[in-house]
Structures are given as C-alpha cells and as structure tokens.
Amino acid sequence: MRSGDVVRVRLYPVQASEQQVLTRRAATFHVMPTVEYLNYEVLDDHGWDMEDDDLFEKAADAGLDDEDYGELEVNHGEYILEAAEAQGYDWPFSCRAGACANCAAIITEGEIHMDMQQILSTEEVDERGVRLTCIGSPETEEVQIVYNAKHLDYLQNRVI
Ligand code: FES
C-alpha cells in the first residue's frame, strides 16, 4: 500500500450475545422484588409444619387459593403489607407501626428490612426469622414468607 491509497473499511453490525442483551435489559428495567407467601393458617389443615424443608413446594402443588399462597411483586421500599393490600388481600394488622405482632410473618428465604421495630426480641428476629410486614420491605430480589404468623404461641402475648 502506498501513501495516498484510499483504504475502504466496511463495518458490519456486531450481533450482541444473549448474555449482553440480558445484561442491558437488567440495567434498563428495574427488577421488582418478589415475595412468595403462604398463609400460616393452612399449615394445620394440610398437616404441614414450619420446619418442613419442602413446605413451599407442597404449597405450590396443593391448589390453594390466591389469598393463601402465591407471589407478590413489591416496589423497592414498599412495605409488604401494603403490596398485599394493593393486590386486594386482607392480611392481618393492627398498629401498622411496628408495635404489635398482628402483621408478623416468618421469613424462610431472602431478607426483609424492617424500620424501627420495638416489639420483637433479637432471638425472634435472628433465630426464628420473625418479621413485621407493616414496616418490612424486601431487601433481596426473592423473599419467601409464611404470613399470619400471629397465631404462633410465642407471639400471642403481643397480638392486639
Ligand atoms: S401491625 Fe402492628 S407491628 Fe405491624
């Protein structure tokens, strides 16, 4: 090639890989946290126990009503109780301020951030996984809870 020769360069569009497309989509669309829920009250009816490893698998196969088992999408920062109510569900509550156990749920997967709760012991939160849905928002993209946990014996003294 001599100086002064014209060089033609053709540019071909590069096909983005599937992974690149997914990464771009994830950056573009905000993924909403999902809460898979199960009503504590149906456990007895089916002979299930909170300690069952396959509790949610059994619930998924049991043909339960939407009110008793299903999934909720929760906006970032939205309280889980509010998201359930927005879906038309009648979950238990009383104070809506972290001062009773009416809205209690047991977390079995993921994490929930609670604002200023004053009613649960450290052991109940850390060891038993109790969370208050009226002041609790998902901290992980996927959360699994057994709601209506106010029926548990050790929470009875704080149910209004
Ligand atoms: S309703 Fe009382 S702590 Fe949630």
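Provided above is the structure to which this section pertains.
Model, not experiment: these values are computed from the prediction.

Calculation rules
- Residues numbered from 1 in each chain as written.
- Predicted model: local features only at pLDDT ≥ 70, side-chain atom pairs only at ≥ 80, totals over all residues.
- Heavy atoms only, no water.
- Buried < 20%, exposed > 50% of the residue type's maximum accessible area, 1.4 Å probe, protein only.
- Helix = DSSP H or I, 4+ residues; strand = E, 2+ residues; numbered from the N terminus.
- Pairing = 2+ DSSP bridges.
- Axes fitted to C-alpha atoms, helices over the stretch in contact; angles between N-to-C directions.
- Phe/Tyr/Trp six-rings, centres within 6.5 Å; stacked < 30°, edge-to-face > 60°.

Caption draft 1: Summary view of the pairing of strand β1 (residues 34-39). Counting buried residues in β1 gives six out of six residues, a clear majority hidden from the surface. Here β1 shows no split at all, with Thr34, Glu36 and Leu38 on one side and Val35, Tyr37 and Asn39 on the other all buried. Where β1 and strand β7 (residues 142-147) come together, six bridges link them in parallel fashion. Bridge assignment links Thr34 to a residue of β7, and that residue is Glu142.

Caption draft 2: Here's a closer look at the sheet that holds β7. Sheet architecture is open: five strands sit in the order β2-β1-β7-β3-β5, paired in mixed fashion. Among the strands making up the open sheet, the edge pair consists of β2 (69-73) and β5 (130-132). Direction aside, the axes of adjacent strands within the sheet are offset by 35° on average.

Caption draft 3: Up close: the packing of aromatic side chains. By the definition in use, this model includes four aromatic pairs. Between the aromatic rings of Tyr37 and Trp91, the centroid separation amounts to 5.4 Å while the plane-to-plane angle is 65°, which identifies the pairing as edge-to-face. Here Tyr37 is found in strand β1, whereas its partner Trp91 is found in the loop between α4 (80-86) and β3 (104-109), with 54 residues between them in sequence. Taken individually, Tyr37 and Trp91 each receive the classification buried, so the pair is uniform in this respect. Members of the aromatic cluster, each reached through a chain of ring pairs, are Tyr37, Tyr89, Trp91 and Tyr147.

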